[in-house]
Amino acid sequence: MVVKNILIAGDSFAADWPGEYPGWPKMLQEYYNVTNLAQAGVSEYKILKQLKSIDLSKFDSIIVSHTSPSRVHTPQHPLHKEGLHKDCDLIYTDIADRSSLLNSSLRAAQGWFRYHYDDEYQIDMYNLIRKEIRSLLGSYRYISMTHTDISTEYAIEHNNIDFSNLWKQERGSVNHYTLKGNKEIFNELVDIIQ
């Protein structure tokens, strides 16, 4: 039996998490050769960069977990420097209530969101990047997935799997899901991959 090669790209919903139970990406590793490039807290721009960093022709299926349009690219997060979120981009809800007294980078980011953030621009850029991802993956077996209402709202992929209702019911500590939620995602993906 030939084992399929699977690429995973995306945000924290798809990253390799430590935890008391395996997340759906680790479950897939039990059955397939999985290359997981997903990073916690990244913007759609960094997801595009993940996909451009590798030879896509080596994979039988490519799974992309899309993120929020409100996540803004930054080369250096003002708070997260190591661990699971070391590649994290900015989103206002993560930094709004943090003390920035001794962190000028955080203070600048908070001020930028308060005075300069433009939601219409962010959504337009997000849509352009998703179109580029769809175009880049057009000749490959591409499985798109979303986990929040906002990322689902802007889904343009005909094959997008919307897990936002599952996430509302099965929020947990690994890939943001309970063990049951991770198993449901795993089972749905295996059905598609096979």
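It should be noted that the structure appears before, not after, this text.
A quick note: this is a predicted structure, and the numbers were derived from the prediction, not measured. (Residues numbered from 1 in each chain as written. Predicted model: local features only at pLDDT ≥ 70, side-chain atom pairs only at ≥ 80, totals over all residues. Heavy atoms only, no water.)

Novice: Explanation requested: unusual backbone geometry in the structure shown.
Specialist: Peptide bonds are trans in most cases, and residues, glycine excluded, mostly fall at negative phi. Phi angles above zero are rare outside glycine, and N175 is one such case at about 55 degrees. Within the secondary structure, N175 is located in the loop between β6 (171-174) and α8 (179-193). Positive phi, normally seen in glycine, also occurs at H176, with a value near 70 degrees. As for its position among the elements, H176 is in the loop between β6 and α8. (Helix = DSSP H or I, 4+ residues; strand = E, 2+ residues; numbered from the N terminus.)

Novice: Which parts of the structure should I look at to understand the nonpolar core?
Specialist: Soluble globular proteins tend to pack their nonpolar side chains together in the buried interior. In terms of nonpolar packing, the biggest core is built from 27 residues, with I8, W24, L28, I63, I185 and L189 touching the most fellow members. Elements with a minimum of two residues in this core: β1 (5-10), α1 (24-29), β4 (142-146), α7 (164-169) and α8. Here this core gets 5 residues from one element, more than from any other, and that element is α8. Excluding anything up to four places from it in sequence, I8 contacts A14, W24, P25, L28, V34, T35, N36, L37, A38 and I63. By size, the runner-up hydrophobic cluster in this structure holds 14 residues, among which are L48, F59, V64 and Y142. (Core = buried A, V, L, I, M, F, W, Y, C linked by side-chain atoms within 4.5 Å. Buried < 20%, exposed > 50% of the residue type's maximum accessible area, 1.4 Å probe, protein only. Contact = heavy atoms within 4.5 Å.)

Novice: Where do I start with the environment of S53 in this structure?
Specialist: Looking at where S53 falls in the secondary structure, it is placed in the loop between α2 (44-52) and β3 (61-65). Spatially, the C-alpha atoms of S53 and D149 are 28 Å apart, while their sequence positions differ by 96 residues.

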